[in-house]
Amino acid sequence: MGYAILLVDDDAALRCLGARVLSEAGYEVRGAAHPAEALAVAAEQRVDVLVTDFEMPQMNGAELVAALLERDGRVPPSVLISGAVDLVLPSQQRLFTKLLSKPFTAEDLCKAVALCIRMIPSRRSSGTRMRAVVDDPEDTGRGELG
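Residues numbered from 1 in each chain as written. Predicted model: local features only at pLDDT ≥ 70, side-chain atom pairs only at ≥ 80, totals over all residues. Heavy atoms only, no water.

A word on the pattern of salt bridges
A complete count under the given rule lists four salt bridges for this structure. A salt bridge links Arg 71 to Asp 72; the shortest N-O distance between them is 2.8 Å. On the basis of relative accessible area, Arg 71 is assigned to the partly exposed category, the value being 39%. (Salt bridge = Lys/Arg side-chain N within 4 Å of Asp/Glu carboxyl O. Buried < 20%, exposed > 50% of the residue type's maximum accessible area, 1.4 Å probe, protein only.)

Some details on the nonpolar core
Ranked by size, the top nonpolar core spans 19 residues in total, and within it Leu 6, Val 8, Ala 38, Leu 50, Leu 64 and Leu 68 carry the most contacts. Those elements that provide at least two residues to this core are strand S1 (4-8), helix H2 (35-44) and helix H3 (61-72). Judged by nonpolar contacts, the second largest core, of 18 residues, contains Leu 22, Val 51, Cys 116 and Ile 120. (Core = buried A, V, L, I, M, F, W, Y, C linked by side-chain atoms within 4.5 Å. Helix = DSSP H or I, 4+ residues; strand = E, 2+ residues; numbered from the N terminus.)

With respect to unusual backbone geometry
Residue Lys 102 is joined to Pro 103 through a cis peptide bond whose omega torsion reads -5°. Considering the arrangement of structural elements, one finds Pro 103 in the loop between strand S5 (98-101) and helix H5 (106-118). Non-glycine residue Gln 58 carries a positive phi angle of around 80°.

Concerning the packing of H2 against H3
Look at H2 against H3: their axes get within 10 Å of each other, and the N-to-C directions meet at 30°. Classified by chirality, the crossing of H3 by H2 is right-handed. Of the residues in H3, those touching H2 at Pro 35, Ala 38, Leu 39, Ala 42 and Ala 43 are Leu 64, Ala 67, Leu 68 and Arg 71. Of the residues assigned to the contact of H2 with H3, the class counts are eight nonpolar, no polar and one charged. (Axes fitted to C-alpha atoms, helices over the stretch in contact; angles between N-to-C directions. Left-handed = near helix turned anticlockwise from the far one by under 90°. Contact = heavy atoms within 4.5 Å. Nonpolar A, V, L, I, M, F, W, Y, C, P; charged D, E, K, R; others polar.)

A look at the pairing of strand S4 (residues 78-82)
With five of five residues buried, S4 is to be regarded as a mostly interior element. With burial as the criterion, each face of S4 is covered, one bearing Ser 78, Leu 80 and Ser 82 and the other bearing Val 79 and Ile 81. Sheet analysis places strand S3 (residues 49-53) next to S4, joined by four bridges and oriented parallel. The partner of Asp 53 across the bridge, within S4, is Ile 81. Crossover connection from S3 via H3 to parallel S4: handedness right-handed. Where S4 and S5 come together, four bridges link them in parallel fashion. Note that in S5 the partner of Val 79 across the bridge is Lys 98. (Pairing = 2+ DSSP bridges. Right-handed = clockwise from strand over helix to strand, strands pointing away.)

Rendered as structure tokens:
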């Protein structure tokens, strides 16, 4: 059984492209067009990693993570995608394992998800999922997606 990735983006083209990239990398990807759909998916299915856009109608990516935390008491390791990372408040940034600035490459996306997966304890253990905030000074976030 592969890792389950929930990809949330209101931009259908970016959501489909991201899903294709992650599927080709061997992940099980479920897309959601908006946060309400993401909340419904997370209630019904296992989510190992959350990848979410920041700016979306209804609620932003940080509000989505906060809603998951409030409802479920935990949130999977998460990647925040934004065209304006500098506008994301530090308190919001701390909710995510990795921040990706648009545009980014397929390799950047796969590396961010791989980082999140390393935060997940072995499936054989009954431990809780871990979270970490990682700042990679060499990550320019420049590329072709977004």
